[in-house]
Amino acid sequence: MKPDLTKINIMGVINTTPDSFSDGGLYSNSTKAVEHARKLIDEGADILDIGGESTRPGAVDVPLNEEIRRTIPVIESIRKFSDIPISIDTSKAQVMRAAAEAGVDMINDVRALREEGALTVAADSGLLVCLMHMQGAPDSMQDNPLYDNVVEQVSYFLTDRINIALSSGITKNNICIDPGFGFGKTLQQNLQLLASLATFKAMGYPLLAGLSRKSMLGLLLDKPVDQRLYGSLSAAVISAMLGADIIRVHDVTETKDALTIVQAVLQQSP
Ligand code: 7PJ
C-alpha cells in the first residue's frame, strides 16, 4: 500500500543493525525487529522504515549479504500480518530489489540513488522513492562539513537528483525529498536547514524530515540519546508546521499526539 501523502505520515524506525546508536542494538535480531514493528503499528505508525545498514556518523559499510539477511526476513514476517506501508532504508540496488519482492512500498535512500544500479531498480520497481542529501560518507561526514550556503547547496543537489531520477524513468509522483539532517552538517547548518524547510517544500515534492534523537538535539540540550524525546517532539512539530509530509521517528505514540495537534491547526490555515 502506498503511503497516503494527503496527510502527515509518521514513519516509525525499525533498526535491524546491531550497532544502531539510538536503541543500542536492542532489536538486532529479526524476532525483536518484528515485535518492535507490531508495537509501532499498534501505536499508530503510518509507515515502517526498515534498515540494515547503520548510517550513523563513523559507521562502516555493511556487506550486501548481511544487509539482506537482516532486513528481508523482517519485511516478509511483517507482511504476513500487516499491509502497513513499509520503506526499505538502503542504498544497495540488490537490497532494493529483494525488498521490493518481499513487499515494500517505498525505497528510502540516504545516498539518493547514487550507488550502481539503484536508479534502474528504483525505476523498475514503480515504488515511492525518498532522495536524501548527504555530504560525504557516514565514516567521515561529520569530520568537517563545509558549505558556502547550505540551503542553496542542498536544494541544488536535490534538484539534480530529481532530474536524474526523472530521466531514469522514475515518475514525478514517486519522488519525495529530504535535506538529510545530520548527514554531513554542523549544528548550525542543520538548524539553517530546519528553519528553511518551507524552501524545500516549495520544490513541489513530498518532504521527509528525520530529526528524531539526533545529535543536533543532543548538542542543543546537552543530553544523551535516551533523553531527547521532548527535543525530538519539538523538532517533529517544527518540521510538520513548515510542511514536512513524512516525519521519521523512534517514538511513535508521543509523536502522534504532537502531530495530531499540528494537523488540526494546519487544517485551519488560510
Ligand atoms: C534518516 C534516514 C533521515 C531519511 C537515517 C538516524 C540515522 N533516512 N535514515 N532521513 N536518518 N530519509 O536515524 O539517526 O534523516 S539513520
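Look up a bit, the structure's there.
Residues numbered from 1 in each chain as written. Predicted model: local features only at pLDDT ≥ 70, side-chain atom pairs only at ≥ 80, totals over all residues. Heavy atoms only, no water.

Visitor: Just checking my understanding: could you explain the site of the ligand for this structure?
Guide: The full set close to the ligand counts 13 residues, and Asp-89, Asn-108, Asp-178, Lys-214 and Arg-248 are the nearest of them. Asp-89 has a polar side-chain atom sitting 3.2 Å from a nitrogen atom of the ligand. Relative to its unbound accessible surface of 390 Å², the ligand loses 92% to contact with the protein. Among the secondary structure elements, those contributing two or more residues to the shell around the ligand are strand 5 (128–132) and strand 7 (208–210). (Near = heavy atom within 4 Å. Polar contact = N/O pair within 3.5 Å; in protein donor to acceptor, adjacent residues only side chain to side chain. Areas by Shrake-Rupley, 256 points an atom, 1.4 Å probe, with all protein chains shown as cover. Helix = DSSP H or I, 4+ residues; strand = E, 2+ residues; numbered from the N terminus.)

Visitor: Explain unusual backbone geometry here, please?
Guide: Negative phi is the rule for most residues except glycine; trans is the rule for most peptide bonds. In this structure, Leu-113 is a non-glycine residue whose phi angle is positive, near 65°. Positionally, Leu-113 belongs in the loop between strand 4 (106–109) and helix 4 (118–125). Leu-113 gets classed as buried once you look at its relative accessible area, which sits at 1%. Positive phi, normally seen in glycine, also occurs at Arg-213, with a value near 60°. Considering the arrangement of structural elements, one finds Arg-213 in the loop between strand 7 and helix 8 (215–221). Taking the relative accessible area as the measure of exposure, Arg-213 reaches 16% and is therefore buried. (Buried < 20%, exposed > 50% of the residue type's maximum accessible area, 1.4 Å probe, protein only.)

Visitor: It is not clear to me how the packing of aromatic side chains should be interpreted in this structure. Could you clarify?
Guide: Each aromatic ring pair is summarised here by two numbers: the centre-to-centre distance and the angle between the ring planes. Under the definition given, this model contains zero aromatic pairs. Sitting over the face of the ring of Phe-81, Arg-38 holds its NZ or CZ atom 3.9 Å from the ring centroid. Above the ring of Tyr-205, the side-chain terminus of Lys-172 is found at 4.5 Å from the ring centroid. (Phe/Tyr/Trp six-rings, centres within 6.5 Å; stacked < 30°, edge-to-face > 60°. Lys NZ or Arg CZ within 6 Å of the ring centre and 35° of its normal.)

Visitor: Explain the packing of helix 5 (residues 150–167) against helix 6 (residues 187–195) to me, please; I cannot follow it from the model alone.
Guide: The axes of two packed helices give the description: the angle between them and the distance between them. It is the contact of helix 5 with helix 6, at a shortest axis distance of 9 Å, that shows an interaxial angle of 70°. The orientation of helix 5 relative to helix 6 falls into the category roughly perpendicular. Of the two possible hands of crossing, helix 5 and helix 6 adopt the one that is right-handed. Note on element contacts: helix 6 touches helix 5 through Gln-189, Gln-192 and Leu-193, opposite Val-150, Val-151 and Val-154. Split into classes, the residues belonging to the contact of helix 5 with helix 6 amount to four nonpolar, two polar and no charged. (Axes fitted to C-alpha atoms, helices over the stretch in contact; angles between N-to-C directions. Parallel < 35°, antiparallel > 145°, perpendicular 65-115°, else oblique. Left-handed = near helix turned anticlockwise from the far one by under 90°. Contact = heavy atoms within 4.5 Å. Nonpolar A, V, L, I, M, F, W, Y, C, P; charged D, E, K, R; others polar.)

Visitor: Where do I start with the sheet that holds strand 3 (residues 86–89) in this structure?
Guide: Backbone-to-backbone hydrogen bonds join strands into a sheet, with any given pair of strands oriented parallel or antiparallel. Taken in spatial order, the eight strands of this open sheet run 6-5-4-3-2-1-8-7, and their pairing is parallel. If you trace the sheet from one side to the other, it starts and ends with strand 6 (175–178) and strand 7, each paired once. Across this sheet, the average inter-strand angle for adjacent strands is 25°, counted without regard to direction. One ladder, built from four bridges, connects strand 2 (residues 47–51) with strand 3; its direction is parallel. If you follow Asp-49 over to strand 3, its bridge partner there is Ser-87. (Pairing = 2+ DSSP bridges.)

Visitor: Even after reading the chapter, I still don't get the pairing of strand 8 (residues 246–249), so can you show me in this structure?
Guide: Looking along a regular strand, one sees side chains alternate from face to face of the sheet. Side-chain alternation along strand 8 places Ile-246 and Arg-248 on one buried face and Ile-247 and Val-249 on a second face that is also buried. Examined bridge by bridge, strand 1 (residues 9–15) and strand 8 share four bridges and lie parallel to one another. Note that in strand 8 the partner of Ile-10 across the bridge is Ile-247. With three bridges connecting them, strand 7 and strand 8 associate as parallel partners. Residue pairing across strands places Ala-209 opposite Ile-247, the latter belonging to strand 8.

Visitor: Explanation requested: a negative patch on the surface in the structure shown.
Guide: A grouping of Asp-61, Glu-115, Asp-139 and Asp-143 is seen on the molecular surface, where their side chains present a negatively charged patch. Mapped onto the secondary structure, Asp-139 falls in the loop between strand 5 and helix 5. (Patch = residues over 30% accessible without salt bridge, like charges linked within 9 Å, V, L, I, M, F, W, Y side chains within 5 Å. Salt bridge = Lys/Arg side-chain N within 4 Å of Asp/Glu carboxyl O. Lys, Arg positive; Asp, Glu negative; His and termini not counted. Charge placed at Lys NZ, Arg CZ, Asp CG, Glu CD.)

Visitor: Looking at this model, I keep getting lost on the side chain of Asp-251. Mind explaining?
Guide: In this fold, Asp-251 is placed in the loop between strand 8 and helix 10 (252–266). In this structure Asp-251 comes out as buried when scored by relative accessible area, which is 15%. Among the polar contacts listed, one links the side chain of Asp-251 to the side chain of Arg-213, at a separation of 2.9 Å. Leave out the neighbours within four places in its chain, and Asp-251 touches Arg-213 and Leu-229.

Visitor: Could you clarify how one ought to interpret the nonpolar core in this entry?
Guide: Proteins that are soluble and globular tend to have nonpolar side chains buried together. By size, the foremost hydrophobic cluster in this structure holds 66 residues, and its most contacted members are Ile-75 and Leu-113. For Ile-75, the residues in contact, after removing those within four places along its chain, are Ile-50, Ile-86, Ile-88, Ala-99, Ala-102 and Val-104. Met-11, Met-106, Cys-130 and Cys-176 belong to the second-largest nonpolar core, a separate cluster that totals eight residues. (Core = buried A, V, L, I, M, F, W, Y, C linked by side-chain atoms within 4.5 Å.)

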